[in-house]
Amino acid sequence: MSCERVRETNTLARSGHIWESVVITMLGYNKHKLLDLIEEAKRNAIQQIEGRTIVYSAMGHEWRQFGNPLRQRPVSSIYLPADMRERVLKDIQEFLSSQEWYIERGVPYRRGYLFYG
């Protein structure tokens with residue numbers, strides 16, 4: 001097996017993304033080893049961000065990751081009156097389970113909270 005990574009020095013025109021490609025070459029007819037390798041890489045990538053918050057920022061017509069994944073704060077570290085904390089947590093849980101409702105109606109699936117103090 002051989003692996004070659006190519007990273008262009010120029011960015012793509014409109015998005016500003018750096019073009020990068022990885023070419024994996026294997027001898028043989030069994031594609032399952034390659035698929036297993038890709039699945040393992042995917043699991044490792046997900047494991048690195050598990051339990052972290054990823055912040056995205058709008059850039060033109062797309063959303064891009066802003067900075068590095070952050071450690072999640074425990075809810076108990078946020079000062080809110082107990083009844084408000086419970087209402088917010090309930091609202092978050094309902095929102096996370098209602099994605100299909102937004103899709104069916106063509107409504108953007110997003111939620112924001114503004115706290116002050």
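Cut-off values and rules
Residues numbered from 1 in each chain as written. Predicted model: local features only at pLDDT ≥ 70, side-chain atom pairs only at ≥ 80, totals over all residues. Heavy atoms only, no water. Helix = DSSP H or I, 4+ residues; strand = E, 2+ residues; numbered from the N terminus. Rg over C-alpha atoms; globule rule 2.2 N^0.38 Å. Buried < 20%, exposed > 50% of the residue type's maximum accessible area, 1.4 Å probe, protein only. Contact = heavy atoms within 4.5 Å. Areas by Shrake-Rupley, 256 points an atom, 1.4 Å probe, with all protein chains shown as cover. Lys, Arg positive; Asp, Glu negative; His and termini not counted. Charge placed at Lys NZ, Arg CZ, Asp CG, Glu CD. Patch = residues over 30% accessible without salt bridge, like charges linked within 9 Å, V, L, I, M, F, W, Y side chains within 5 Å. Salt bridge = Lys/Arg side-chain N within 4 Å of Asp/Glu carboxyl O. Phe/Tyr/Trp six-rings, centres within 6.5 Å; stacked < 30°, edge-to-face > 60°.

Please explain the overall build of the protein as it appears in this structure.
In terms of regular secondary structure, the protein is built from 3 helices and 6 strands. For 117 residues, the compact-globule estimate of 2.2 N^0.38 gives 13 Å, and the protein exceeds it by more than 25% at 21 Å. Here the C-alpha coordinates of the protein stretch approximately 60 × 35 × 35 Å along the principal axes. Within the protein, the proportion of its 117 residues that are buried is 5%. Counting only contacts in the protein whose residues sit at least 6 apart along the sequence, the fraction spanning at least 24 positions is 14%. As displayed, the protein has an accessible area near 11000 Å², and 55% of this comes from carbon and sulfur atoms. In the protein, which carries 17 positive and 14 negative side-chain charges, the distance between the mean positions of the two groups comes to 4 Å.

Looking at this structure, how should I read a nonpolar patch on the surface?
A surface patch of nonpolar side chains, about 360 Å² in accessible area, is lined by Met1, Val22, Ile24 and Leu37. A relative accessible area of 31% places Ile24 in the partly exposed class.

Explanation requested: the packing of aromatic side chains in the structure shown.
The geometry of an aromatic ring pair is captured by the separation of the ring centres together with the interplanar angle, meaning the angle of the planes. Tallied over the entire structure, the rule returns 5 aromatic pairs. Ring geometry for Trp101 versus Tyr102: centroids 5.2 Å apart, planes at 75 degrees, classification edge-to-face. Since its relative accessible area comes to 43%, Trp101 is described here as partly exposed. Feature note: the residues Phe95, Trp101, Tyr102 and Tyr109 constitute an aromatic cluster, connected by ring pairs.

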